[in-house]
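Geometric and topological summary
Read off the chains here:
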Amino acid sequence: MADKSRITKKYSNGEITIVWKPYLCIHSQKCFTGLPEVFDPAKRPWINASGAETKKIISQVEQCPSKALSFFKNSEGENQFSGDSETETVIEAKPNGPLFVYGNILIKKPDGSEEDRKNVTVFCRCGNSNNKPFCDGSHLKAGFKG
Ligand code: SF4
Ligand code: FES
């Protein structure tokens, strides 16, 4: 059976396909404050790939800090989407926010399970996440400073 926690959804406007990985979202709200014509959490489906021109959608998707949103050009196919990197691992502690780890990594969890993550992984630094060790955006509500 498919692992529900790793569900990926796709929305196409015929030219590009927006790929949405909810399990990577850190609720930074950049997408729906930046381009509400396309990203509207109050609607179902919440992504309307025809709501704006392709250039605007690409520019907005590229601002998603956690890579929960990505895209590929339909003419090139899914493996072309941006973000795959062979670079060494870089770690960045965001002011008053989570720990961004850039690179492909293997996470060993407290319950003994392991998980591969690619490109960017966002870890909780505030202790309030309900999805530890990952950030789920709770630092905003908690007013985390550090
Ligand atoms: S992390 Fe990405 S998908 Fe989630 S709210 Fe922020 S911009 Fe949108
Ligand atoms: S740092 Fe985001 S939930 Fe803790």
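None of these values were measured; they are calculated from a predicted model. (Residues numbered from 1 in each chain as written. Chains lettered and ligands numbered in written order. Predicted model: local features only at pLDDT ≥ 70, side-chain atom pairs only at ≥ 80, totals over all residues.)

1. A short note on the domain arrangement of the chain
Looking at the assigned domains, one finds that the chain contains domain 1 (4-80) and domain 2 (90-142). Summarising the inter-unit geometry, the C-alpha centres of domain 1 and domain 2 are found 21 Å apart. Of the residues lining the interface, five residues belong to domain 1; the matching set on domain 2 comes to seven residues. For the side of domain 1 that touches domain 2, the residue count by class is one nonpolar, three polar and one charged. (Domains from an automatic or database assignment. Contact = placed C-beta atoms within 7 Å. Nonpolar A, V, L, I, M, F, W, Y, C, P; charged D, E, K, R; others polar.)

2. Quick look at unusual backbone geometry
Geometrically, the link from Arg44 to Pro45 is a cis peptide bond, its omega value of -5° lying close to zero. Note that Pro45 resides in the loop between helix H1 (30-34) and helix H2 (54-61). For the bond from Lys132 to Pro133, the omega torsion is 10°, close enough to zero to count as cis. Take Pro133: it is sitting in the loop between strand S8 (120-123) and helix H3 (138-142). At Gln29, a residue that is not glycine, the phi angle is positive and equals roughly 70°. Its location among the elements puts Gln29 in the loop between strand S2 (16-20) and H1. With phi around 70°, Asn119 is a residue other than glycine that occupies positive phi space. Among the secondary structure elements, Asn119 is positioned in the loop between strand S7 (114-117) and S8. (Helix = DSSP H or I, 4+ residues; strand = E, 2+ residues; numbered from the N terminus.)

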